[in-house]
4 protein chains.
Amino acid sequence: MKSEHTIRRRVQFYETDAAGIVHFSWFFRYMEEAEHALWREAGLSIHPEQSAIGWPRVGASCEFHRALKFEQEFDVTIRVTEITKRTMSYACEMTQAGQKIATGTLKIACVSKFPDGTMKSVEIPEDTAMRFKPSETTDPRPPASDLL
Amino acid sequence: MKSEHTIRRRVQFYETDAAGIVHFSWFFRYMEEAEHALWREAGLSIHPEQSAIGWPRVGASCEFHRALKFEQEFDVTIRVTEITKRTMSYACEMTQAGQKIATGTLKIACVSKFPDGTMKSVEIPEDTAMRFKPSETTDPRPPASDLL
Amino acid sequence: MKSEHTIRRRVQFYETDAAGIVHFSWFFRYMEEAEHALWREAGLSIHPEQSAIGWPRVGASCEFHRALKFEQEFDVTIRVTEITKRTMSYACEMTQAGQKIATGTLKIACVSKFPDGTMKSVEIPEDTAMRFKPSETTDPRPPASDLL
Amino acid sequence: MKSEHTIRRRVQFYETDAAGIVHFSWFFRYMEEAEHALWREAGLSIHPEQSAIGWPRVGASCEFHRALKFEQEFDVTIRVTEITKRTMSYACEMTQAGQKIATGTLKIACVSKFPDGTMKSVEIPEDTAMRFKPSETTDPRPPASDLL
């Protein structure tokens, strides 16, 4: 049973913007990269081909503490914080050279996908739920952004 | 003095993902598009060339209620919710054909940019602050996602 | 029968990179936006839900003449240059304030999509082919980039 | 002196589109990732902070042979094909499980950046040019796309 996972990642040029730093939308993609790597560590794919269920995000948030720049290497640690009948929640921390860059959350729902493209919330399959366990780490509330 | 602005937008193919819907990271970009359009309506650019100040995001959040699909047209309404000495906050609502798609928030800080690339929080210039006024609309708390 | 179409577009902040200009990968997305708008003008969607056929790109190229910057408005004109039994080709020109920014090409193939995710080249359906006609405009070969 | 470099990469979910495959614009980003890794292997950064020169792309092309899907691992090999006084050209090959996925080219120009944001072609600095050497590999012309 997996509770958390860390990936190391380097900032790509196309992730930067005209302010010379990583565009804030990318932090949500970094979190998702870590989430999908966590699922692979748990022996799963979050999006197998032809699957009848899916995992849309129902909520996401991020606080940005410091800027990331081109070619910097950084770590993304994702932790499972809660598993309910129909949802999973994560907390995520991004650090670079020992400094906190950003902290975020993701909440995903298990849905059944119909041929017409609609989705309906369903219970998480047992053989998925059994692969994850909420982390026992308790985070202190993140400090205010260093940009403030 | 501007308090809110709405843009109409069509989903582009590159914004969709293998689940057949807009990838969640795009909603943060939609919010930013509306924010920058609001600034233009207020007679400003949020990133004029050679400017000594910048406006990094210090926080962002989004709740996703329904999926958006390729070629759908939708509206993004952004409202100023608070202006402090050094920050501005917004609330954002995305709707499609009368249905709520997503609701989000953005908080930005005014910073001074140094030649070495570092940033330091500074007070919002008076001639910027005077262009915006917090919206008096009060939102009911958004309902839980329809995906739940 | 449609041969060409022009869209007007404004540079978004997330399309810029740390060089302060639009990242080159975006020009391919701009071309695709114009292509899909051309199809809508022809009364079609290039990706209707549940469609048994698809239109992957088999080739794409772009020459970059001048830089585009945040908030600049520019035009993207796409022209059908050739329709064969199984492919369509386009030429594209991007201009800003009367100056050539970039010129490109796209070639797409009509494919049948199988349940296992594989694709196989097929003939373009008659009711699609009849909506388009190659443009009679002949472009002078684009000049060398102004960046050279 | 470096002539080529290969990176291994996994397809991220946000790189896929509603056709269930990697969006074609991403292949240009994959090429750039390999290019920047090649520069790092040569002991250089293509975009050091405060640099007075830059390397905009003046041309890019790609032919797409097979689709890439979520979570597939693939290789990107970039080779220097030509170095002139003011430009560098590369050829790129992307393969997955021994199969050719895509082949592309990039051509970049060395430019001087002025405070007003304009760029002007300049000669490649000697200490940059001396780190690279055109590859002696000669590619057979790539076969037509397997999608045709």
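Structure shown above.
Calculation notes
Numbers given for residues are sequential positions, taken from 1 along each chain in its written order. Chain A is the first chain written and ligand 1 is the first ligand written, with later ones labelled in order. Given that the model is predicted, a residue must reach a pLDDT of at least 70 before its local features are reported, and side-chain atom pairs must reach 80 or more before they are shown or counted; all residues, however, enter totals for whole chains, interfaces and linings. With hydrogens and water stripped out, all remaining heavy atoms of the structure feed into the side-chain values. Paired rings are identified among Phe, Tyr and Trp, the last through its six-membered ring, by centres lying within 6.5 Å, and are further divided according to the angle between planes into stacked (under 30 degrees), edge-to-face (over 60) and tilted (the rest). Secondary structure elements follow DSSP: runs of H or I of four or more residues count as helices, runs of E of two or more count as strands, with numbering from the N terminus. Type-normalised accessible area, obtained with a 1.4 Å probe on protein chains alone, sets the label of each residue: buried when under 20%, exposed when over 50%, and partly exposed for intermediate values. Throughout, a disulfide means two cysteine sulfur atoms within 2.5 Å of one another. In what follows, a contact means two residues having at least one pair of non-hydrogen atoms within 4.5 Å. Simply put, the buried area is the total loss of 1.4 Å probe accessible area from both parts when two parts are fitted together. Salt bridge, as used here, is a side-chain nitrogen of Lys or Arg placed within 4 Å of a carboxyl oxygen of Asp or Glu. The term polar contact refers here to a pair of N or O atoms within 3.5 Å; inside protein, the definition further demands a hydrogen-donor-capable atom paired with an acceptor-capable atom, and it admits residues adjacent in sequence only when both atoms are side-chain atoms. Here the copies are matched by least squares. The fit uses the C-alpha atoms of residues with pLDDT of at least 70 in both. The classification used treats Ala, Val, Leu, Ile, Met, Phe, Trp, Tyr, Cys and Pro as nonpolar, Asp, Glu, Lys and Arg as charged, and all other residues, Gly among them, as polar. Pairing between strands is defined by DSSP: at least two bridges between them are needed.

Thoughts on the packing of aromatic side chains
Centre-to-centre distance and the angle between the planes together describe a pair of aromatic rings. All names here are of chain C. Going through the model one piece at a time under the given rule, you end up with 48 aromatic pairs over all chains. Note on Tyr-30 and Phe-74: the rings are 4.7 Å apart at their centroids and 50° apart in plane angle, and the pair reads as tilted. Highlighted residues: Tyr-30 in helix α1 (residues 25-41) and Phe-74 in strand β4 (residues 73-83), separated in sequence by 44 residues. Residue class for Tyr-30 comes out buried when judged on its relative accessible area of 0%.

Some thoughts on the state of the cysteines
For the coordinates displayed, the defined rule picks out zero disulfides over all chains. Left without a disulfide partner, Cys92(A) is nearest to the cysteine sulfur of Cys62(A), which lies 7.8 Å away.

Let's talk about the interface of chain C and chain A
Reports often express the size of an interface as the amount of accessible area lost when the parts come together. In this assembly, 13 residues from chain C lie in contact with 13 residues from chain A. Here chain C packs against chain A, burying approximately 940 Å² in sum over the two surfaces, 58% of which is carbon and sulfur. The three residues of chain C that bury the most area against chain A are Phe13(C), Ala18(C) and His23(C), which together make up 40% of that side's buried surface. The tally of links from chain C across to chain A stands at zero salt bridges. Summed over the shared surface of chain C and chain A, the result is four residue pairs in polar contact (both at pLDDT 80 or more).

Describing the relation of the copies chain A and chain B
Expressed as a screw transformation, the operator carrying chain A onto chain B has a rotation angle of 180° and an axial translation of 0.0 Å, and the superposed copies differ by an RMSD of 0.0 Å. Taken together, the rotation and translation relating the two chain copies correspond to the operation of a two-fold axis. By C-alpha distance to the rotation axis, the residue of chain A lying nearest is Ser61(A), at 2.0 Å.

Remarks on the interface of chain A and chain B
Each partner contributes residues to the interface: chain A has 34 residues there, and chain B has 34 residues. Around 2700 Å² of area is buried between chain A and chain B when both sides are counted, 66% of it from carbon and sulfur atoms. By the criterion of area lost to chain B, the three top residues of chain A are Phe24(A), Leu147(A) and Leu148(A), representing 23% of everything that side buries. Inspection of the region where chain A meets chain B yields eight residue pairs in polar contact (both at pLDDT 80 or more). Contributing elements (two or more residues each) for the side of chain A that touches chain B: α1 (25-41), β3 (57-64), β6 (99-109) and β8 (119-121) of chain A. Sort the elements by how many residues they give to the side of chain A that touches chain B and β3(A) lands first, with eight residues. Taken together, the residues of the side of chain A that touches chain B break down into 18 nonpolar, 10 polar and six charged. Direction of pairing for β3(A) relative to strand β3 (residues 57-64) of chain B: antiparallel, over a ladder of five bridges. Directly across from Ala60(A), in β3(B), lies its bridge partner Cys62(B).

Digging into the environment of Ala67(B)
By the secondary structure assignment, Ala67(B) is in the loop between β3 and β4 (73-83). Spatially, the C-alpha atoms of Ala67(B) and Ala18(B) are 13 Å apart, while their sequence positions differ by 49 residues. If near-sequence neighbours (up to four positions away) are discounted, Ala67(B) is found in contact with Met119(A), Ile21(B), Gln72(B) and Ile101(B).

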